[in-house]
Amino acid sequence: MKVILVNGSPHEKGCTYTALAEVASALEQEGIETDIFWIGTKAIAGCIACHGCAKTGRCVFHDKVNEFLELASAYDGYIFGSPVHWAAAGGAITSFMDRVFYTAVSGQKTFYLKPAAAVVSARRAGTTAAFEQLNKYFMLMQMPVVASQYWNMVHGVNAEEVKQDLEGLQTMRTLGRNMAFLLRCKEAGLQAGVALPQQETPVFTNFIRS
């Protein structure tokens, strides 16, 4: 089993990475393979709602989004990490996730019923707002959201300060172990013959009608 951890910070080895690395370490101790995917510093365009992804399964913009989508289906679980900017997730990771998950909505089953979690990093405040923002992607995609002993956040202005946030780091390790447990539970259930839930044809109700 494998989990991919997405570093949505412009800093490759900064605060968000430090938190994700702690989660990855706990997962690996539980026998789960991990990879950290950095979205980088190049501009990531926002979704333009062109619906091109519905035809091809890939976004019309060729950047880190499609690079991630090429890898994503091979993983059993996902963790998305973001710094807090203005009490919200960073702009780059927001654009990245908008397009990744909109592509998935457009017919792909990459993420269906695969466990996911969000991790946020801040100097001080805004963590819970950013955390709630990221979790909404998973809920819409029918992904079980993995919890920890506290909300998945760390504090510090740099990586060294994050390493001093002992409760935050413990929360990351607990998150990793909880993710590993849920992955094993899902695997055991499928092996025992537990069927995936019956799915209905989606119904869309518009609130404004002519």
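Each value, and the rule that gives it
Residues numbered from 1 in each chain as written. Predicted model: local features only at pLDDT ≥ 70, side-chain atom pairs only at ≥ 80, totals over all residues. Heavy atoms only, no water. Phe/Tyr/Trp six-rings, centres within 6.5 Å; stacked < 30°, edge-to-face > 60°. Helix = DSSP H or I, 4+ residues; strand = E, 2+ residues; numbered from the N terminus. Buried < 20%, exposed > 50% of the residue type's maximum accessible area, 1.4 Å probe, protein only. Contact = heavy atoms within 4.5 Å. Salt bridge = Lys/Arg side-chain N within 4 Å of Asp/Glu carboxyl O. Core = buried A, V, L, I, M, F, W, Y, C linked by side-chain atoms within 4.5 Å. Axes fitted to C-alpha atoms, helices over the stretch in contact; angles between N-to-C directions. Parallel < 35°, antiparallel > 145°, perpendicular 65-115°, else oblique. Nonpolar A, V, L, I, M, F, W, Y, C, P; charged D, E, K, R; others polar. Polar contact = N/O pair within 3.5 Å; in protein donor to acceptor, adjacent residues only side chain to side chain. 1 Å grid on protein atoms, 1.4 Å probe; cavity = no way out; pocket = protein on both sides within 12 Å on 5 of 7 lines; lining within 4 Å. Points joined across faces, edges and corners; volume = space filled by probe spheres on them.

(A) Expanded view of the packing of aromatic side chains. Applying the stated rule across the entire model yields 11 aromatic pairs. Arranged with centres 6.2 Å apart and planes meeting at 35 degrees, the rings of Phe37 and Phe96 form a pair that is tilted. On the criterion of sequence distance, the pair formed by Phe37 in strand 2 (residues 33-38) and Phe96 in helix 4 (residues 91-105) is long-range, its members being 59 residues apart. In terms of burial, Phe37 and Phe96 fall into one category: buried. Between Phe101 and Phe111, the aromatic rings sit 4.9 Å apart at their centres with planes inclined by 40 degrees, giving tilted as the arrangement.

(B) Local environment of the environment of Ile93. With respect to the helices and strands, Ile93 occurs in helix 4. Overall, the relative accessible area of 0% leaves Ile93 in the buried class. Residues Ile93 and Pro83, spaced 10 residues apart in sequence, show a C-alpha to C-alpha distance of 9.0 Å. Ignoring anything within four residues of it in the chain, the contact list for Ile93 reads Val6, Gly8, Ile39, Gly81 and Ser82.

(C) The arrangement of the pattern of salt bridges in detail. Inspection of every chain in the model, using the stated rule, returns six salt bridges. Between Asp63 and Arg99 there is a salt bridge, with the nearest N and O atoms lying 2.9 Å from each other. Note that Asp63 is positioned in the loop between helix 2 (53-56) and helix 3 (64-72) and Arg99 in helix 4, a separation of 36 residues in sequence. Note that Lys163 and Glu160 form a salt bridge whose closest N and O atoms lie 3.3 Å from each other.

(D) Summary view of the nonpolar core. In this structure, Phe68, Tyr78, Phe96 and Phe101 are the most contacted members of the largest nonpolar core, which totals 34 residues. Looking at this core, the elements with two or more residues in it are strand 1 (2-7), helix 3, strand 3 (77-85), helix 4, strand 5 (116-122) and helix 5 (127-140). Counting residues per element, this core draws most heavily on helix 4, at six residues. In contact with Phe96, other than residues within four places in its own chain, are Val6, Phe37, Ile39, Ile44, Lys64, Val65, Phe68 and Phe80. Counting 21 residues, the second largest nonpolar core, distinct from the first, contains Val3, Ala117, Val119 and Leu183.

(E) Up close: the packing of helix 4 against helix 5. Their axes nearest at 11 Å, the elements helix 4 and helix 5 cross at an angle of 10 degrees. In terms of orientation, helix 4 and helix 5 fall into the roughly parallel class. Of helix 5, the residues touching helix 4 (which contributes Thr94, Met97, Asp98 and Phe101) are Gln133, Leu134, Tyr137 and Phe138. Class assignment for the residues of the contact of helix 4 with helix 5 results in five nonpolar, two polar and one charged.

(F) The arrangement of the side chain of Arg99 in detail. Residue classification places Arg99 among the buried residues on the basis of a relative accessible area of 1%. At 2.9 Å, the side chain of Arg99 and the side chain of Asp63 are in polar contact. Among all residues touching Arg99, those that are not within four sequence positions of it are Ile44, Ala45, Gly46, Cys47, Cys59, Phe61, Asp63 and Val65.

(G) Main features of empty space enclosed by the protein. Summed over the entire model, instances satisfying the criterion amount to one cavity of 30 Å³ or more. For the largest cavity, the calculated volume is near 90 Å³. Lining the largest cavity are 13 residues, and of these Cys47, Cys50, Cys53, Cys59 and Tyr102 lie nearest its centre. With three residues, the top contributor of residues to the lining of the largest cavity is helix 4. Classifying every residue of the lining of the largest cavity gives nine nonpolar, three polar and one charged.

By themselves, these figures tell us nothing about what the structure is for.
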